[in-house]
Amino acid sequence: MGKRKLSTPNPDVISLETPSNAHTLDKDYNGMGVVYVGHIPHHFQEKEMRQFFEQFGDILKLRISRSKKTANSKGYAFILYENEEVAKIVANTMNDYILCGRLLKCLYIPMSRVHKDTFKGASRPFKKIDWQGRARVERNRVKTSEEQQKSVKRLLKKEKDRRRKIAALGIDYEFPGYAAVAPKPSSKTTFPEEEEMDVA
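The rules behind the values
- Residues numbered from 1 in each chain as written.
- Predicted model: local features only at pLDDT ≥ 70, side-chain atom pairs only at ≥ 80, totals over all residues.
- Heavy atoms only, no water.
- Buried < 20%, exposed > 50% of the residue type's maximum accessible area, 1.4 Å probe, protein only.
- Helix = DSSP H or I, 4+ residues; strand = E, 2+ residues; numbered from the N terminus.
- Arc of directions from axis to C-beta.
- Contact = heavy atoms within 4.5 Å.
- Core = buried A, V, L, I, M, F, W, Y, C linked by side-chain atoms within 4.5 Å.
- Polar contact = N/O pair within 3.5 Å; in protein donor to acceptor, adjacent residues only side chain to side chain.

Novice: So what's going on with helix 1 (residues 46-53)? Which residues, and what values?
Specialist: All of the buried residues in helix 1 are Met49, Phe52 and Phe53. Across the axial projection of helix 1, the buried residues extend over an arc of 85°, all falling on one side. Away from the buried face of helix 1 by more than 90 degrees, exposed residues Lys47 and Gln51 are located. Where helix 1 is buried, its residues contact strand 1 (33-38), strand 2 (59-66), strand 3 (73-81), helix 2 (84-94) and strand 4 (98-99).

Novice: So what's going on with the side chain of glutamate 159? Which residues, and what values?
Specialist: Here glutamate 159 is to be found in helix 4 (residues 145-168). For glutamate 159, a relative accessible area of 6% puts it in the buried group. Contacts of glutamate 159, omitting those with residues within four sequence positions, involve Phe175, Pro176, Gly177, Tyr178 and Ala179.

Novice: Describe the nonpolar core, listing the residues and the values that go with them.
Specialist: Core analysis: the biggest nonpolar cluster contains 22 residues, and Val35, Val37, Met49, Phe53, Ile79 and Tyr81 have the highest contact counts within it. Elements that contribute at least two residues to this core include exactly strand 1, helix 1, strand 2, strand 3, helix 2 and strand 6 (105-109). When residues of this core are assigned to their parent elements, the largest contribution, 5 residues, is made by helix 2.

Novice: Can you lay out the side chain of arginine 66 for me, pointing to particular residues and giving the numbers?
Specialist: Following the sequence through the fold, arginine 66 ends up in strand 2. A polar atom in the side chain of arginine 66 sits 2.5 Å from the side chain of glutamine 45.

Everything listed here is a matter of coordinates, which is why it stays silent on function.
So this is what it looks like as structure tokens:
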């Protein structure tokens, strides 16, 4: 049974047909090596990866690709080694290595194919964002009067469409619905309070 063909993700990796240019790292990182690591275990974060892969040599940069929406790992990462030969050894040694039940896929990437923004933000510590907490706060906040009226209009429109569909089916059915209890906007006109005049 042959090995699965490894496809490297874009835009971190330049295609083989793309020549070296200003979008790659081959000029500023001469002599260094980059390793692509795929099929990373979910609990294998930056700290664990650095501790594990530093046994081969000094790591200059490490970045796990993450979802912008959930901040969860996408399952692959890029490691920049100080020495190109070390990177090649890591790719050959760790490819098809079983780690925590996952079959790692490692590949050495020439600098002429590494995008210049591959390690952008790699030096910043990872901070998980509580998206559920933010959504909960936003959902539970007190709405303004304008937002409440907009919500009421939306509910009334849906109910009106529902009544029209029921009538189109030839069903004679009346129900109070939301229109009977929906709060109505105030018809009173308010005026700003006039400043009291000083009486001499």
